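Secondary and tertiary structure notes
Letter by letter, the chains look like this.
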Amino acid sequence: MSPKTVFKKIIDREIPADIVYEDGDCIAFKDINPQAPVHIIVIPKKEIPNIEGLQEEDADLIGRCFLAMQTIAAQLGLGQGYRVVLNNGKDAGQEVMHLHFHMLAGRQFGWPPG
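A quick note: this is a predicted structure, and the numbers were derived from the prediction, not measured. Counting from 1, residues in each chain are numbered in the order their sequence is written. Where local features are concerned, this predicted model is filtered to residues with pLDDT of at least 70; where side-chain atom pairs are given and counted, the filter is 80 or more; whole-chain, interface and lining totals use all residues. Each side-chain value is worked out from all heavy atoms of the structure, with water and hydrogens disregarded.

To continue, consider the sheet that holds strand β5 (residues 101-105). Any two strands with at least two DSSP-identified bridges between them are counted as paired. The helix count covers DSSP runs of H or I at least four residues long, the strand count covers runs of E at least two residues long, and both are numbered beginning at the N terminus. Strands sit in the order β1-β2-β3-β5-β4 across an open sheet of five strands; the sheet is antiparallel. Strand pairing shows two members of the sheet lacking a second neighbour, β1 (19-22) and β4 (83-85), which therefore form its edges. Averaged over neighbouring strand pairs, the angle between their axes works out to 20 degrees when direction is ignored. Bridge count for β4 against β5 is three bridges, and the pairing is antiparallel. Bridging from a neighbouring strand, V85 pairs with H102 of β5. Lines fitted to C-alpha atoms define the axes here, with helix axes fitted over just the stretch in contact, and angles between the N-to-C directions of these axes take values from 0 to 180 degrees.

This is the structure we're talking about:
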């Protein structure tokens, strides 16, 4: 069995996190190394390493993560906009092998991202 990721340890309350949202399927918390004034990590509670680890049965779960982001945006007053980023794999910058979304807000973002 592989060791728990830092995100699984947060889900299991083995390490602290500044949680901003939680329901039965997902949890969201402030990033400890924010890349914007608002930087929230949203993760499914089910351990899925990356996009390739998704199964057909996970479709509703991922949809619920996006609905959670909608709720979080409303709670945090992000009506001016926010960016959602998913890094998939090491070459894309994924550091924790537990599928997760970054919600970034509070500043203007450029395009293309880089």
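Continuing now.
Moving on, we get to a nonpolar patch on the surface. Here the term patch refers to residues with relative accessible area over 30% and no salt bridge, with like charges joined within 9 Å and nonpolar side chains (Val, Leu, Ile, Met, Phe, Trp, Tyr) within 5 Å. Surface exposure here means Shrake-Rupley accessible area, sampled with a 1.4 Å probe, where a residue is shielded only by the protein chains that are shown. The salt bridge criterion pairs a side-chain nitrogen of Lys or Arg with a carboxyl oxygen of Asp or Glu, the two atoms within 4 Å. Together, F66, Y82 and V84 give the surface a local cluster of nonpolar side chains, amounting to about 250 Å² of exposed area. Think of it in three bands: residues with accessible area under 20% of the maximum for their type are buried, residues over 50% are exposed, and the middle band is partly exposed, with areas taken using a 1.4 Å probe on protein chains only. Assessed through its relative accessible area of 43%, F66 is described here as partly exposed.

Another point: unusual backbone geometry. Cis geometry is found at the peptide bond from W111 to P112, where omega equals 5 degrees. By the secondary structure assignment, P112 is in the segment after β5. Even without being glycine, R13 reaches a positive phi, approximately 60 degrees. Looking at the element boundaries, R13 is found in the loop between α1 (6-11) and β1. A residue is classified by how much of its surface remains accessible, and R13, at 46% relative accessible area, is partly exposed.

Moving on, we get to helix α2 (residues 59-76). Here a helix's expected span is defined as the number of its residues, less one, multiplied by 1.5 Å. Here α2 spans 26 Å end to end across 18 residues, near enough to the 26 Å set by a 1.5 Å rise per residue. When α2 is considered as a whole, its buried residues turn out to be L61, I62, C65, A68, M69, I72 and A73. The arc that holds the buried residues of α2, viewed along the axis, is 140 degrees, so those residues lie on one side. Across α2 from its buried face, at more than 90 degrees, point the exposed residues A59, D60, L67, Q70 and A74. The contact criterion used throughout is that any non-hydrogen atoms of two residues lie within 4.5 Å. Close packing links the buried residues of α2 with β1, β2 (26-30), β3 (38-44), β4 and β5. Directions from the helix axis toward the C-beta atoms define the arc.

Now for the nonpolar core. Y21, A28, V42, I72, F101 and M103 are the most contacted members of the largest nonpolar core, which totals 18 residues. For this core, the secondary-structure elements that each account for two or more residues are β2, β3, α2 and β5. In terms of residues, this core owes the most to one element, α2, which gives seven residues. When residues no more than four places from it in sequence are discounted, the contact partners of Y21 are C26, I27, A28, A68, T71, I72 and Q75. As used in this record, nonpolar core signifies buried Ala, Val, Leu, Ile, Met, Phe, Trp, Tyr and Cys residues forming a set joined through side-chain atoms within 4.5 Å. Judged by nonpolar contacts, the second largest core, of eight residues, contains F7, I27, I43 and V96.

Nothing here speaks to function; it is all geometry.
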